[in-house]
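# Remarks on the overall topology
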Amino acid sequence: MAMFASSIWRAGRAMSAFITASINAFSWPRLGSKKECVRSFKAVAYSISTYAANSPIEDRHVVVDEQSSSLFSLASNPLPFFHAAVFDGHGGFEVAEMVKNNLVGKVKETIAKLPAHAQKDETVITNALIHAFILVETDWITGVLALENELQQRKKATIGACALYALVKDNILYVANAGDCRAVMGKLRHPLKDPSAPPSLVPSPVAGSEKVYEAIPMSLDHNAREEREHARLRKAHPGEDEDIVLCYHGGQACYVKGRLQPSRAFGDIHLKLEDFGPEDEDLPWTPPYVSAIPEVASVALNRLDQFLVLGSDGLWEVFENEEVVSMVAGWREEGREEGRIASLIVDAALVRIAEGLKMSVEELKEVKEGRERRRKHDDITVVVLFLGEEREGDCPLEGSEAWEEELGAEVDDFIYPEEEEEEGGRGEVGREGGGEERPDLFGAGKERKHEL
């Protein structure tokens, strides 16, 4: 018994020594010590609304939120991305539906195959988005060409879809665009910037508010009416100037080879392959004329970035960029429910359209979906991402002097129009297909209001 008690005593003494050593070795936080402030910028909420003109509607959209709910739970969620996209079909809904069902998966799959260090490289992610677009496009074309029924094949060859894809990853917003959907960011004016108002500045519409926003285009329209796209097509197809783009109604409606207004899109095989050329063999035919390769813009998010509006061209035919930013900013400042804001934008668009047609909104809504309503307006789809910040650690309190100093030190990644003219700069550098410089987002792609 004595030996047994002695063994227990020795074991207890050893355990006590182990615990004491462990406690001494552990670096306990000292009273008053500070934990580093860790900041994460992400999409914190979103709003969606869609309104049909065609029957069935040819627009599609998708939102997939894979963001981690905590900055420190990435082990259980290795791909904390936020995906949002708008697809505007033409000639039918089938391509838009197929892209909606497959593009997010291809993006995730492409990025997941990259080495861990490459998944944080902005250029690599940009090229991964481009690659995913190409994979989905290839799948559609392969499927159509595999059809044995030639009539069905030729019918599907005339269906297409514009695509606008936003990805939020590692505090960076990427926007990939192929077509004439559009993405516009609502951004608070940097406190150190000149408060004078260039065209993109939007004072808050709320009485008494001193906030000033900027309407930042995050995509360029790919439409045959845009001179930069017209020039690109002329350069790629020398000797076809007479019919490479045909325009009507004073240049407001222009068509690639007289067939299609968007100059980039998924599908539209009839403008991409030799087999779908004109019956007159003397007419020049050097496809592809339309491409699904997107232009990709990217920007590091900060506290000045408030929201991103993605819209099919049915929205941008009605409103200017600044008008949409003004509406969203005002509704948020008034405390409107964020989940309803996309619906409010669509409602405002219908009011504008009805006024132009000298109808009431009720009369407009009574017009039968399909060809009759399509004569009045296009399908309208709106997705609004609300951008925000998560913080962990000892961070400055909102409104404090340290908070204001931190805001003033935010990196402003955009080249503003007035600065660009003074400095002769080109704007951000992005990627398009083979890695060409992306054209200035401010000097091209001028907005056009819907002429009713």
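Before any of the text, the structure's been laid out above.
Summary of the structure given here. (Residues numbered from 1 in each chain as written. Predicted model: local features only at pLDDT ≥ 70, side-chain atom pairs only at ≥ 80, totals over all residues. Heavy atoms only, no water.)

## Considering the pairing of strand β3 (residues 82-90)
Operational definition: The rule is simple: take the accessible area with a 1.4 Å probe, protein chains only, and divide by the maximum for that residue type; under 20% is buried, over 50% is exposed, in between is partly exposed. Comment: elements are numbered from the N terminus, with helices defined as DSSP H or I runs of at least four residues and strands as E runs of at least two. Strand pairing requires that DSSP identify at least two bridges connecting the strands.
Counting buried positions along β3 gives nine out of nine residues, so the element sits mostly inside the fold. Going residue by residue along β3, you find Phe82, Ala84, Val86, Asp88 and His90 tucked away on one face and His83, Ala85, Phe87 and Gly89 tucked away on the opposite face as well. Of the strand pairs in this sheet, strand β2 (residues 59-65) and β3 are connected by seven bridges, and their pairing is antiparallel. Its bridge partner lying in β3, Asp65 is registered against Phe82. When β3 meets strand β4 (residues 160-169), the two strands line up antiparallel, connected through nine bridges. Opposite Val86, over in β4, you have Leu164 as the bridge partner.

## Topic: the nonpolar core
We apply this condition: Each nonpolar core is a collection of buried residues, namely Ala, Val, Leu, Ile, Met, Phe, Trp, Tyr and Cys, held together in the definition by side-chain atoms within 4.5 Å. Contacts were defined at the residue level, with two residues in contact if any of their heavy atoms lie within 4.5 Å.
Formed by 37 residues in total, the largest nonpolar core has its most connected members in Phe87, Val99, Leu103, Phe133, Tyr165, Leu167 and Phe266. If you list the elements that add at least two residues to this core, you get β3, α2 (94-112), α3 (122-145), β4 and β5 (172-178). Once you skip the residues sitting within four places of it in the chain, Phe87 turns out to touch Glu58, Asp59, Arg60, His61, Val62, Ala96, Val99, Lys100, Leu103, Cys162 and Ala163. Core analysis: the second largest hydrophobic core is formed by 34 residues, Trp316, Leu344, Leu350 and Val382 among them.

## Details of the packing of α2 against α3
Put simply, the test is: A fitted line through C-alpha atoms represents every axis, and for helices the fit uses only the stretch in contact; the resulting angles, taken between N-to-C directions, go from 0 to 180 degrees. Oblique is the label for every angle not falling under 35 degrees (roughly parallel), over 145 degrees (roughly antiparallel), or within 65 to 115 degrees (roughly perpendicular). A clockwise turn of the near helix away from the far one marks a right-handed crossing, whereas an anticlockwise turn of less than a right angle marks a left-handed crossing. Gly is put with the polar residues, along with every residue not named as nonpolar or charged; the nonpolar set is Ala, Val, Leu, Ile, Met, Phe, Trp, Tyr, Cys and Pro, and the charged set is Asp, Glu, Lys and Arg.
Look at α2 against α3: their axes get within 8 Å of each other, and the N-to-C directions meet at 140 degrees. Between α2 and α3, the interaxial angle falls into the category oblique. Crossing of α2 against α3: the hand is right-handed. Contacts from Glu94, Val95, Met98, Val99, Asn102, Leu103, Lys106, Val107, Thr110 and Ile111 in α2 reach Ile125, Ala128, Leu129, His131, Ala132, Phe133, Leu135, Val136, Asp139 and Trp140 in α3. Here the residues of the contact of α2 with α3 sort into 14 nonpolar, three polar and three charged.

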